[in-house]
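Examining the three-dimensional arrangement
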Amino acid sequence: MAEEELKMEEGGKKSKLIIIIVAVVLLIAGGGAAYFFLMGDDAADTQAIDGEPMAQGEAGGAAIVKTGTALYVAMPRPFVFNVPGSTRDRLVEIKVQLMMRGSDNEEQAKMHIPLIEGTLLKIFSTANADDLVTEAGKIAIRDSALKEVQKTMMDVSGNQTVEEVLFTGFVMQ
C-alpha cells in the first residue's frame, strides 16, 4: 500500500508541473497577442527620412498620418439634381457627409454649410450620367468636390477644414 501512495504522489507532482508549465506558456502567449493587438499599429509605422511617421502601407510615399479624432458633419439635405446622359437624362440623389479633424474645423464647417452646399451643387451640376454610372466617375466627382470645398474653405477661413467628402447615399434613376 505504501508503494501505491508513492506512485500516486509522483504522478500528482508531474501533472501539477505540466499544468503550471501550460499556464505559464498560455500567459506568455496571451501577453504577446495583447501586445500585438494593442501596440502593433505603433510598432508597424515606418519613418520617413525627415522622421515624420508615414501611413501604413505606404512604401516610400509622402503621406503623413493624420492625427486627431475624425469628426463628421452631415449636409442637412440630400442633393437632388438632373444629369444629362447619352440616352436620357437621369435624376440623382447624393447624401453627403464631410470628415474633418478638430472641433475648430467642425465649427467652421457647420458655420459655412450654405457655402459648402453651394460649392457641392456647382460641382454636381457638371456631372454626366454616363460617368456617374461607373465607380471611377463617382470617385472623380467626389475628388473634385473635395478640392473645390477645400479651396472655398481656404478662401473663407484660411484653412482647408475638410479632409474628406463622403457619399453616404447615392441613388440614380
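These lines cover the structure that appears in this document, whether it is placed above or below.

1. Notes on the overall build of the protein chain
Each helix and strand counted, the protein chain has 5 helices and 4 strands in total. Its helices and strands taken in sequence order, the protein chain reads α-β-β-β-α-α-α-α-β from the N to the C terminus. Across the protein chain, contacts joining residues at least 24 apart in sequence account for 63% of those joining residues at least 6 apart. For the protein chain, the accessible surface area stands at approximately 11,800 Å², while carbon and sulfur atoms represent 59% of it.

2. Overview of the packing of helix 3 (residues 113-124) against helix 5 (residues 135-157)
Two elements in contact, helix 3 and helix 5, have axes whose closest approach is 9 Å; the angle formed by their N-to-C orientations is 145°. Here helix 3 runs over helix 5; the crossing is right-handed. Facing helix 3, whose interface residues are L115, I116, T119, L120, K122, I123 and F124, helix 5 presents I141, S144, A145, E148, V149, T152, M153 and V156. Partitioning the contact of helix 3 with helix 5 into residue classes produces 10 nonpolar, 3 polar and 2 charged.

3. Description of the environment of V73
Mapped onto the secondary structure, V73 falls in strand 1 (residues 70-74). It is 7.0 Å that separates the C-alpha atoms of V73 and E106, two residues lying 33 residues apart in sequence. Not counting residues up to four positions away in its chain, the partners in contact with V73 are V96, Q97, L98, M100, E106, A109, K110 and I113.

4. Thoughts on the packing of helix 2 (residues 103-111) against helix 3
Closest axis-to-axis distance for the helix 2/helix 3 pair is 5 Å, and the angle between their directions is 70°. Between helix 2 and helix 3, the angle falls in the class roughly perpendicular. Between helix 2, through A109, K110 and M111, and helix 3, the contact on the second element is made entirely by I113, P114 and I116. A breakdown of the residues in the contact of helix 2 with helix 3 according to their chemical character gives 5 nonpolar, no polar and 1 charged.

5. Some details on the nonpolar core
Counting residues in each nonpolar core, the largest one holds 26 residues, and the members touching the most others are M75, V96, L98, I116, L120, F124 and V165. Sorting the residues of this core by element identifies strand 2 (79-83), strand 3 (90-101), helix 3, helix 4 (129-132) and helix 5 as the ones contributing at least two each. The residues touching V165, leaving out its near neighbours within four places in the chain, are V96, Q97, L98, L120, R142, A145 and L146.

Basis of the calculations
- Residues numbered from 1 in each chain as written.
- Predicted model: local features only at pLDDT ≥ 70, side-chain atom pairs only at ≥ 80, totals over all residues.
- Heavy atoms only, no water.
- Helix = DSSP H or I, 4+ residues; strand = E, 2+ residues; numbered from the N terminus.
- Contact = heavy atoms within 4.5 Å.
- Areas by Shrake-Rupley, 256 points an atom, 1.4 Å probe, with all protein chains shown as cover.
- Axes fitted to C-alpha atoms, helices over the stretch in contact; angles between N-to-C directions.
- Left-handed = near helix turned anticlockwise from the far one by under 90°.
- Nonpolar A, V, L, I, M, F, W, Y, C, P; charged D, E, K, R; others polar.
- Parallel < 35°, antiparallel > 145°, perpendicular 65-115°, else oblique.
- Core = buried A, V, L, I, M, F, W, Y, C linked by side-chain atoms within 4.5 Å.
- Buried < 20%, exposed > 50% of the residue type's maximum accessible area, 1.4 Å probe, protein only.

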